[in-house]
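Notes for the structure review
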Amino acid sequence: MKKLTILFLCSWIVLTTQARKVFQLNSPDGHLNTTITIGEQLTYDIKCNGKQVLAASPLSMTLENGTVWGDHPQLTSSSRKEVDQLIDSPFYRSSQLRDHYKKLVLCFRKGWSVEFRAYNDGIAYRFVNQMKKPFKILQEEVNYQFTTDKTAIVPYVGPAPHTSNWDFLIGQLYSRA
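The structure reproduced in this document is the subject of the present report. Counting of residues starts from 1 at the beginning of each chain's written sequence and follows it residue by residue. For this predicted model, a pLDDT threshold of at least 70 governs which residues receive local features, and a threshold of 80 or more governs which side-chain atom pairs are given and counted, while totals over whole chains, interfaces and linings are taken from all residues. Note: side-chain values were computed over all heavy atoms of the structure, leaving out hydrogens and water.

Attention shifts here to the environment of A55. For A55, the location among the structural elements is in strand β4 (residues 51-63). In this structure, the C-alpha to C-alpha distance between A55 and D45, residues ten residues apart in sequence, is 5.0 Å. Residues within four places of A55 in sequence aside, it is in contact with Y44, D45, Q145 and T147. A run of H or I in DSSP counts as a helix once it spans at least four residues, and a run of E counts as a strand once it spans at least two, with each numbered from the N terminus. Note on contacts: a residue pair is in contact if any heavy atoms of the two residues lie within 4.5 Å.

Attention now goes to the nonpolar core. In summary, soluble globular proteins display a tendency toward joint burial of nonpolar side chains. What we call a nonpolar core is a set of buried Ala, Val, Leu, Ile, Met, Phe, Trp, Tyr and Cys residues that are connected through their side-chain atoms within 4.5 Å. When a residue's accessible area, from a 1.4 Å probe over protein chains only, is under 20% of the maximum for its type it is buried; when over 50% it is exposed; and in between it is partly exposed. In terms of nonpolar packing, the biggest core is built from 21 residues, with I36, L106, V114 and F116 touching the most fellow members. Looking at this core, the elements that each hand over two or more residues are β1 (21-26), β2 (32-38), β3 (42-48), β4, β7 (96-108) and β8 (112-119).

Before going further, it helps to examine the side chain of S60. If you trace the backbone, S60 turns up in strand β4. Looking at S60, the relative accessible area reads 8%, which means it is buried. Non-local contacts of S60, meaning those with residues more than four positions away in its chain, are made with V68, W69, G70, F127, Q139, E140 and E141.

Okay, structure coming up:
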């Protein structure tokens, strides 16, 4: 009986360790780091110069058919790439912009993936659909778990009666004579 209990515990440890996968992604200059964890949920955190600024924060997307991307995700493959290119910018003050980042693409069963990008000044992610048929998104979960309480300034924007959103935004930026 004792051997059976030990065998069960060892099997449980191996299975739970394999069920959770952890990926690291650094910015090109190495100052930003994100840790993506695949377990019961898909989470990521962010460190800047070794100091954690965002604790493990879950990501998910709920589709109309009930599928939830990010809930008990089953990883099928991963790939990494570094991109350093110039993009033409005819309407900006510079004629070209540098697009430099490292990316990690995680592909999952049921035809979806998530792409993380680490730039020198930020971390980004996006969900990618690999299925050919259309779908409707019902909800996207993005819970930012900051490590400390911070003050944020968030503008609340809403149109005034009988105006367009554009008129309202311009009216907030400039006073009218």
